[in-house]
Amino acid sequence: MPRRSRVSLLAIASLDTLTCGFHQAASGKRLRPEVHAFASHLDAELAQLREDLLQERAPEGKWTTFQIYDPKPRQILAPCFRDRVLHHALMLHVGPVLERALVDDCYACRVGKGSLAAVRRAQHHLQRFPWFVKTDIRAYFASIDHHRLGQLLGRRLKDPAVLALCKRILAQRPGPQGRGLPIGALTSQHFANTYLDGFDRFLLEQQRVCAMVRYMDDVVWWCQSGQQARQTLQAARQYLCEERDLELKADAYIGRSPQGLPFLGFRILGGSLRLSLRRRRRYRAARARWESAFADGRIDALQLQAGYAAALGITAHARAAAWRRAELSRSPPLDA
């Protein structure tokens, strides 16, 4: 078992840590009413939060629910601002502990990485190895088992009070008890990465795959033969079922690298990136949404131009100039 961190609840509940947590949680959101109200009585709010932490009364467990539709429909559960301050304070100490345990080719929600870096890394591997397996996990965030996650956190953290705080955060998620992480909480990003760290090591160290890239639950790994690809896929299904109580989607894809890899919104080829069908649809939908708002008078010309720029960003980094010209020819932009 790896050496466990001695990070303590007292360190997390210190006023210095809570102040840093406040500034991180409030970044870019200072004008929101709940942030302004908290900031107006900052010393008293932080003192009360510290007391609630030490008395094991935090978090509050209040959530805001809303839907997003880009890149696909999802329900977001956002914690109240007071709990967001707590989550940031917790991750100032616990985040680096969990981060150190991750393999280098895990790219989601990590400083200096991200989706584009994952795509570039996948392109690098595509040029080196002949076969790949691409898959993702069915309803990943909703399927994470709290008891198993608690055991994994217990391998990294030593202070029972810190582990109890993590357990309370997990337990106060709306929905079925004992399972699921809310999409929209900072802690969920770190916990979800940690939950699959053992799977990364299983592929690299036990299955001896040539290389891998994981972006949260989207995973691709490379093999020297089609037979190895099929064997590792079967082994991955068994490991995730037995060790994490998770299920791979039925549409796992085994392919030859020269044919290209669909991953994170791109069609990745050895020498170029192309837009996936989903990303093309996102571009068209974004343009239509902004143009409809302008036609209805809900936005002005300057906002329409900003909307066009945002839609253009969806196609960034891909070899898509010819496709965009064809799109503009079929559907010219509005005269703003």
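Relevant structure appears above.
The rules behind these values
- Residues numbered from 1 in each chain as written.
- Predicted model: local features only at pLDDT ≥ 70, side-chain atom pairs only at ≥ 80, totals over all residues.
- Heavy atoms only, no water.
- Helix = DSSP H or I, 4+ residues; strand = E, 2+ residues; numbered from the N terminus.
- Rg over C-alpha atoms; globule rule 2.2 N^0.38 Å.
- Contact = heavy atoms within 4.5 Å.
- Areas by Shrake-Rupley, 256 points an atom, 1.4 Å probe, with all protein chains shown as cover.
- Lys, Arg positive; Asp, Glu negative; His and termini not counted.
- Charge placed at Lys NZ, Arg CZ, Asp CG, Glu CD.
- Buried < 20%, exposed > 50% of the residue type's maximum accessible area, 1.4 Å probe, protein only.
- Pairing = 2+ DSSP bridges.
- Polar contact = N/O pair within 3.5 Å; in protein donor to acceptor, adjacent residues only side chain to side chain.
- Salt bridge = Lys/Arg side-chain N within 4 Å of Asp/Glu carboxyl O.
- Axes fitted to C-alpha atoms, helices over the stretch in contact; angles between N-to-C directions.

(A) Spatial organisation of the overall build of the protein chain. Tallying secondary structure elements over the protein chain gives 15 helices and 9 strands in all. The C-alpha atoms of the protein chain give 22 Å as radius of gyration, which agrees with the globular expectation for 336 residues (20 Å, within 12%). Residue pairs in contact within the protein chain that sit at least 24 positions apart in sequence constitute 71% of those at least 6 positions apart. A total accessible area of about 17,000 Å² is found for the protein chain, and carbon and sulfur atoms account for 51% of it. Of the side-chain charges in the protein chain, 52 are positive and 31 negative, and the distance between the mean point of each set is 7 Å.

(B) Representation of the pairing of strand 3 (residues 131-136). For strand 3, a buried count of 6 out of 6 residues is recorded, marking the element as mostly surrounded by other parts of the structure. Residues Trp131, Val133 and Thr135 point to one face of strand 3 and Phe132, Lys134 and Asp136 to the other, with burial holding for every one of them. Strand direction decides the pairing type here: strand 3 and strand 5 (residues 218-223), joined by 6 bridges, are antiparallel. By the bridge assignment, Thr135 is partnered in strand 5 with Val219. One ladder, built from 4 bridges, connects strand 3 with strand 6 (residues 253-256); its direction is antiparallel. In the strand pairing of strand 6, Val133 is matched with Ile254.

(C) Main features of the side chain of Thr232. In this fold, Thr232 is placed in helix 12 (residues 226-244). Taking relative accessible area as the criterion, Thr232 reaches 1% and is therefore assigned buried. A polar atom in the side chain of Thr232 sits 2.9 Å from the side chain of Trp221. Those residues in contact with Thr232 that sit more than four places away from it in its chain are Val133, Gln207, Val209, Trp221 and Cys223.

(D) Spotlight on the pattern of salt bridges. For the structure shown, the criterion picks out 20 salt bridges. For Arg179, the salt bridge is made with Asp245, and the minimal N-O distance between the two is 2.6 Å. Highlighted residues: Arg179 in the loop between helix 9 (160-171) and helix 10 (186-195) and Asp245 in the loop between helix 12 and strand 6, separated in sequence by 66 residues. Using a relative accessible area of 26% as the deciding quantity, one classes Arg179 as partly exposed. For Asp245, a relative accessible area of 34% gives the class partly exposed. Several salt bridges share partner residues, and in doing so they unite Asp52, Arg57, Glu60, Lys62 and Arg82 into one network.

(E) Layout of the sheet that holds strand 5. If you trace the 4 strands from one edge of the open sheet to the other, you get 4-5-3-6, paired in antiparallel fashion. Two strands bound the open sheet, and with one partner strand each, they are strand 4 (211-215) and strand 6. On average, each strand axis in the sheet is inclined to that of its neighbour by 15 degrees, with strand direction left out of account. In the packing of helix 12 onto the sheet, contacts are made with strand 3, strand 5 and strand 6, and the angle to strand 5 comes to roughly 145 degrees.

(F) Region of the structure containing the sheet that holds strand 9 (residues 273-275). On the basis of which strands lie adjacent, the open sheet formed by 3 strands has the order 7-8-9 and antiparallel pairing. If you trace the sheet from one side to the other, it starts and ends with strand 7 (261-263) and strand 9, each paired once. Neighbouring strand axes in the sheet, compared pairwise and without regard to direction, differ in orientation by 30 degrees on average. Judged from the 3 bridges that link them, strand 7 and strand 8 (residues 266-268) form a sheet pairing that is antiparallel.

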